[in-house]
Amino acid sequence: MGKVIALSNQKGGVGKTTTTVNLAASLAIAEKRVLLIDFDPQGNASSALGVDRNAMKDRPTVYHALIGQAPLSQVIVPTEMECLFVAPSDGDLAGAEIELVSAFAREAKLKAAVAEIKDQYDFILIDCPPSLGLLTVNALNAADSFLVPLQCEYFALEGLSQLLHTVSLIRQSLNPKLEEEGILLTMFDGRNNLANEVVKEVRTHFSNQVFETVIPRNVRLSECSSFGKPVLLYDIDSKGCLAYLNLAKEVLARNQPKTQAQPGLSAAPVLPPPAQSASVSVAADPR
C-alpha cells in the first residue's frame, strides 16, 4: 500500500504547492510511483505539472471524485515524468465544501476515493488548500502523515500552532493514526537575521520533527511553474532543485521499511557483539 502524505499549512504563500510538485518529481526520479492529488481549488499544482486546463473541461477532476460522480482512477492523468501522475482540480472544487455540508461522513470522502487506488503507488502527495476547512480535514483524514512547509518568517510560527491544534482534533475524532512526516523550512534567506532566528526557534522546539534540508529562496523555483515543469526538468543544477532532491532522500530514509525477524528464529539466543566491535565507528556519508 502506498503512503499518503498531506502537505498542509493554512497560511498561503509558504511554498506548499512548490514543495508538493517538486518533492513529487524528486521521488519520481528515484523510480517511485507517485501520485499528486491537487486538492486546492486554485489548481496551481496541476498547472505546474503541465496540465492544460482547457483540455480538462470535458474530463472529470478531483471534484467529481470527491462528490462521487467518478472514481479517482478516471481523474488521474500522466505527466512528462514516467513515474509521476496527477489528479487535477479546478475552481469547481471550491463548491464541494458547500455541497458536502449535509452529506453523510463528509470528512471521509477523499479517504474513500483514495482507497481505490492506494496500492498502485508508492507515495500519494495531497496539495491542501491554504485553509483549515472541510477540504483540509478530508485530506488529513485520508493521510497517513502530514508535512508542514513553514516559511522562515514570524507569522508562520503563529499559523503552525493553529495547524497542530487542528491535527490533534482530527486525531481524536477521525484519524488516530495520523503521524508527523516533518516540518520543512522554506524560503530561507541566510542574509536575513529573522530567518535565522526562526530556523533556530523551530529546531529548538520541534527538534527531530524538522527536516535537515532547508529550501532556499530561489528564482528558478518561481520560474519553473510558469513553464509547467518541476524544477528538476527546468534547471537541475539550481540550488532549489538540489534542495528538493535532498528532501526526497530524507523522506525515503524516514520511510524505509523496518527489518522484520525471520519466522522461526525468534527463540534463538541473542549473542553479545565481539569486544573489539565497540571501537568500530561508521562514518557518516558526506554526500
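Preceding this section is the structure that the text describes.
Calculation criteria
For every chain, the first residue of its written sequence is number 1, and the numbers climb from 1 along that sequence. The predicted nature of this model means local features are confined to residues of pLDDT at least 70 and side-chain atom pairs, given and counted, to a pLDDT of 80 or more, with totals for whole chains, interfaces and linings taken over all residues. Side-chain figures throughout are based on the complete set of non-hydrogen atoms in the structure, without hydrogens or water. In this analysis a 1.4 Å probe is tested at points of a 1 Å grid over the protein atoms alone, and where it fits but cannot get out there is a cavity; an open set with protein on both sides within 12 Å along at least five of seven lines is a pocket; lining residues have an atom within 4 Å of a point. Grid points are joined across faces, edges and corners, and a volume is the space filled by probe spheres set on the points. The helix and strand labels rest on DSSP assignments: H or I over at least four residues marks a helix, E over at least two residues marks a strand, and numbering proceeds from the N terminus. Each residue is assigned to one of three groups, with Ala, Val, Leu, Ile, Met, Phe, Trp, Tyr, Cys and Pro labelled nonpolar, Asp, Glu, Lys and Arg labelled charged, and all others, Gly among them, labelled polar. By convention in these notes, a salt bridge is any Lys or Arg side-chain nitrogen within 4 Å of a carboxyl oxygen on Asp or Glu. When a residue's accessible area, from a 1.4 Å probe over protein chains only, is under 20% of the maximum for its type it is buried; when over 50% it is exposed; and in between it is partly exposed. Here the nonpolar core consists of buried residues drawn from Ala, Val, Leu, Ile, Met, Phe, Trp, Tyr and Cys, with membership extended through side-chain atoms lying within 4.5 Å. Contacts are residue-level and defined by heavy atoms, with any inter-residue pair within 4.5 Å sufficient. By the convention used here, strands pair only if DSSP detects at least 2 bridges between them. The axes are straight lines fitted to the C-alpha atoms, using for helices just the contacting stretch, and the angles between their N-to-C directions are given from 0 to 180°. Centre distance within 6.5 Å is the pairing criterion for rings of Phe, Tyr and Trp, where only the six-membered ring of Trp is used; planes under 30 degrees apart are then read as stacked, over 60 as edge-to-face, and the remainder as tilted. Any Lys NZ or Arg CZ that is within 6 Å of a ring centre and within 35 degrees of that ring's normal is treated as a charge sitting over the ring. Roughly parallel refers to an angle under 35 degrees, roughly antiparallel to one over 145, roughly perpendicular to one between 65 and 115, and oblique to any angle outside these ranges. Note: crossing handedness is left-handed where the near helix turns anticlockwise from the far helix by less than a right angle, and right-handed where it turns clockwise. Here the term patch refers to residues with relative accessible area over 30% and no salt bridge, with like charges joined within 9 Å and nonpolar side chains (Val, Leu, Ile, Met, Phe, Trp, Tyr) within 5 Å. The Shrake-Rupley method, run with a 1.4 Å probe, gives the accessible areas here. Residue values count only the displayed protein chains as cover.

Draft legend 1. View of the layout of surface pockets. When its volume is computed, the largest pocket comes out at roughly 700 Å³. Those elements giving two or more residues to the lining of the largest pocket turn out to be α5 (109-115), α6 (134-142), β7 (179-188) and α11 (239-254). Sort the elements by how many residues they give to the lining of the largest pocket and β7 lands first, with four residues. Here the residues of the lining of the largest pocket are counted per class, giving eight nonpolar, six polar and twelve charged. A volume near 460 Å³ is recorded for the second largest pocket. In terms of lining residues, the second largest pocket is bounded by 26 residues, among which Val-14, Gly-15, Lys-16, Thr-18 and Met-187 are the most central. Contributions of two or more residues to the lining of the second largest pocket are made by α1 (16-29), α2 (44-48), β7, β8 (210-216) and α9 (219-226). Of all the elements, α1 adds the most residues to the lining of the second largest pocket, at five residues.

Draft legend 2. Structural context of the pattern of salt bridges. A full pass over the atoms with the stated rule returns ten salt bridges. A salt bridge links Arg-171 to Glu-180, with the nearest nitrogen and oxygen atoms 3.0 Å apart. Its relative accessible area of 39% is what places Glu-180 among the partly exposed residues. Across the pair Asp-189 and Arg-191 runs a salt bridge, and its minimum N-O distance is 3.1 Å. Salt bridges linked by common partners bring Arg-220, Glu-223 and Asp-235 together as one network.

Draft legend 3. A look at the nonpolar core. In this structure, Leu-35, Ile-37, Phe-39, Leu-72 and Ile-126 are the most contacted members of the largest nonpolar core, which totals 50 residues. For this core, the element with the most residues is α6, which contributes six residues. Each residue touching Leu-72, except ones within four places of it in the same chain, is listed here: Ile-37, Ala-65, Ala-87, Ala-113, Val-114, Glu-116 and Ile-117. Core analysis: the second largest hydrophobic core is formed by 37 residues, Ala-28, Leu-84, Leu-125 and Phe-211 among them.

Draft legend 4. Looking closely at the sheet that holds strand β2 (residues 34-38). Here eight strands make up an open sheet; going across it, the order is β3-β4-β2-β5-β1-β6-β7-β8 and the pairing mixed. With one partner strand each, in any of the chains shown, β3 (77-78) and β8 form the two edges of the open sheet. Taken strand by strand, helix α7 (residues 154-173) contacts β6 (145-151) and β7, and its axis lies near 170 degrees from that of β6.

Draft legend 5. Broad picture of the packing of aromatic side chains. Applying the stated criterion across every chain yields a total of two aromatic pairs. With a centroid separation of 5.9 Å and 70 degrees between ring planes, the pair formed by Phe-85 and Tyr-121 is classed as edge-to-face. In this pair, Phe-85 is assigned in strand β4 (residues 84-87) and Tyr-121 in the loop between α5 and β5 (123-127), connecting sequence segments 36 residues apart. Classification of Tyr-121 by relative accessible area gives buried; the value is 6%. We note Arg-254 situated over the ring of Phe-211; from NZ or CZ to the ring centre the distance is 4.1 Å.

Draft legend 6. Representation of the packing of α1 against α11 within the structure. Following both chains from N to C, one finds α1 and α11 inclined at 70 degrees, their axes separated by 9 Å at the closest point. Compared by their axis directions, α1 and α11 come out roughly perpendicular. Here α1 and α11 pass one another in a crossing that is right-handed. Between α1 and α11, the contacting residues are Thr-18, Thr-19, Asn-22, Leu-23, Ser-26, Leu-27 and Ile-29 on the first element and Tyr-244, Leu-245, Leu-247, Ala-248, Val-251 and Leu-252 on the second. Residues belonging to the contact of α1 with α11 are distributed by class as follows: nine nonpolar, four polar and no charged.

Draft legend 7. Highlighting a nonpolar patch on the surface. Residues Tyr-154, Phe-155 and Leu-194 make up a contiguous nonpolar surface patch of roughly 340 Å² in combined accessible area. The residue Leu-194 is located in helix α8 (residues 193-206) in this model. With relative accessibility at 42%, the residue Leu-194 sits in the partly exposed group.

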